[in-house]
Amino acid sequence: DQQVKQNSPSLSVQEGRISILNCDYTNSMFDYFLWYKKYPAEGPTFLISISSIKDKNEDGRFTVFLNKSAKHLSLHIVPSQPGDSAVYFCAASYRGSTLGRLYFGRGTQLTVWP
Amino acid sequence: DAGITQSPRHKVTETGTPVTLRCHQTENHRYMYWYRQDPGHGLRLIHYSYGVKDTDKGEVSDGYSVSRSKTEDFLLTLESATSSQTSVYFCAISDEGEEIYTEAFFGQGTRLTVV
């Protein structure tokens, strides 16, 4: 049973525009959320995270928003660049689970075209 | 980049043979994980370790075993490889720090093909 869901397998955005990647979760115990980026033939790399005490976290062009009541988070990339083209995984964790044990969504392939 | 090395990076093996994948870290992190990535499934946890000789099952552990005799090494063994175990395998590490939460760092992956 998928506890973290990314319902859009792909997203295509023009360079310079905003990319919005969405993620939903079902387990109300989750209180820490992460986004990873993955290029082909490489391992996932950590991008940005947010804990449940916040509703927004920003790091340069990347912002993650958390809506706890809706069990929904989103990653905004502004402005999008061709180098952002990758698979983005949403992940979640909770206090009391093994530290670093993550539950992943299936990923969204982002393509940024010139 | 976190010091994580997976070996081999690529392997082709025959059905029914045992296979061992190795993860080596130089970060002295306490926690180590094995995930597999398959199209349409994202990353799924196979086994994890929370210390030397301390391991536990993840969500897709059938057909796999692990061992951790040293902090730096975490081995994943496919006891009798099947075609359904064709996948890309990722090792990850994490550790306790000042924050309650911490991210996991991933290796480059091992592409395993079972024919």
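Our structure is the block above this text.
Residues numbered from 1 in each chain as written. Chains lettered and ligands numbered in written order. Predicted model: local features only at pLDDT ≥ 70, side-chain atom pairs only at ≥ 80, totals over all residues. Heavy atoms only, no water.

K.L.:
Let's hear about the state of the cysteines: which residues, and what values?
P.N.:
On inspection of all chains with the given rule, the structure shows two disulfides over all chains. The disulfide partner of A:Cys23 is A:Cys90, and the gap between their sulfur atoms is 2.0 Å. Judged by the sign of its S-S torsion, about -75°, the bond between A:Cys23 and A:Cys90 is left-handed. Taken together, the positions of A:Cys23 in strand S3 (residues 19-25) and A:Cys90 in strand S9 (residues 86-93) put the pair 67 residues apart, joining distant regions of the chain. Across the pair, A:Cys90 and A:Cys23 agree in class, each one buried. Between the sulfur atoms of B:Cys23 and its disulfide mate B:Cys91 the distance is 1.9 Å. Note on the B:Cys23 and B:Cys91 pair: the S-S dihedral is about -70°, so by sign convention the disulfide is left-handed. Of the two residues, B:Cys23 is situated in strand S3 (residues 19-25) and B:Cys91 in strand S9 (residues 87-94); the sequence distance between them amounts to 68 residues. Residue B:Cys91 is classed as buried on the basis of its relative accessible area, which comes to 0%. (Disulfide = S-S within 2.5 Å. Helix = DSSP H or I, 4+ residues; strand = E, 2+ residues; numbered from the N terminus. Buried < 20%, exposed > 50% of the residue type's maximum accessible area, 1.4 Å probe, protein only.)

K.L.:
Describe the packing of aromatic side chains, naming the residues involved and giving the relevant values.
P.N.:
Under the definition given, this model contains 16 aromatic pairs over all chains. Relative to B:Tyr35, the ring of A:Phe104 has its centre 5.5 Å away and its plane inclined at 85°; by these criteria the two rings are edge-to-face. Residue A:Phe104 is found in strand S10 (residues 103-104), and its partner B:Tyr35 is found in strand S4 (residues 31-38); the two belong to separate chains. Residue classification places A:Phe104 among the buried positions, given a relative accessible area of 5%. Under the relative-accessibility criterion, B:Tyr35 is labelled buried at 0%. Each residue in the set A:Tyr36, A:Phe46, A:Phe89, A:Phe104, B:Tyr33, B:Tyr35, B:Tyr48, B:Tyr50 and B:Phe106 is aromatic and connected to the rest through ring pairs, giving one cluster. It is A:Arg101 that lies over the ring of A:Tyr103; its NZ or CZ is 3.8 Å from the centre. (Phe/Tyr/Trp six-rings, centres within 6.5 Å; stacked < 30°, edge-to-face > 60°. Lys NZ or Arg CZ within 6 Å of the ring centre and 35° of its normal.)

K.L.:
Could you give an account of the pattern of salt bridges, naming the residues involved and the relevant values?
P.N.:
Residue and element names in this part refer to chain B. Applying the stated criterion across every chain yields a total of six salt bridges over all chains. For the salt bridge of Arg36 with Asp38, the shortest nitrogen-to-oxygen distance reads 2.8 Å. Assigned by exposure class, Arg36 and Asp38 land together as buried. Measuring nitrogen to oxygen at the nearest pair gives 2.9 Å for the salt bridge that ties Arg44 to Asp38. Through salt bridges with shared partners, a single network forms among Arg22, Lys70 and Asp73. (Salt bridge = Lys/Arg side-chain N within 4 Å of Asp/Glu carboxyl O.)

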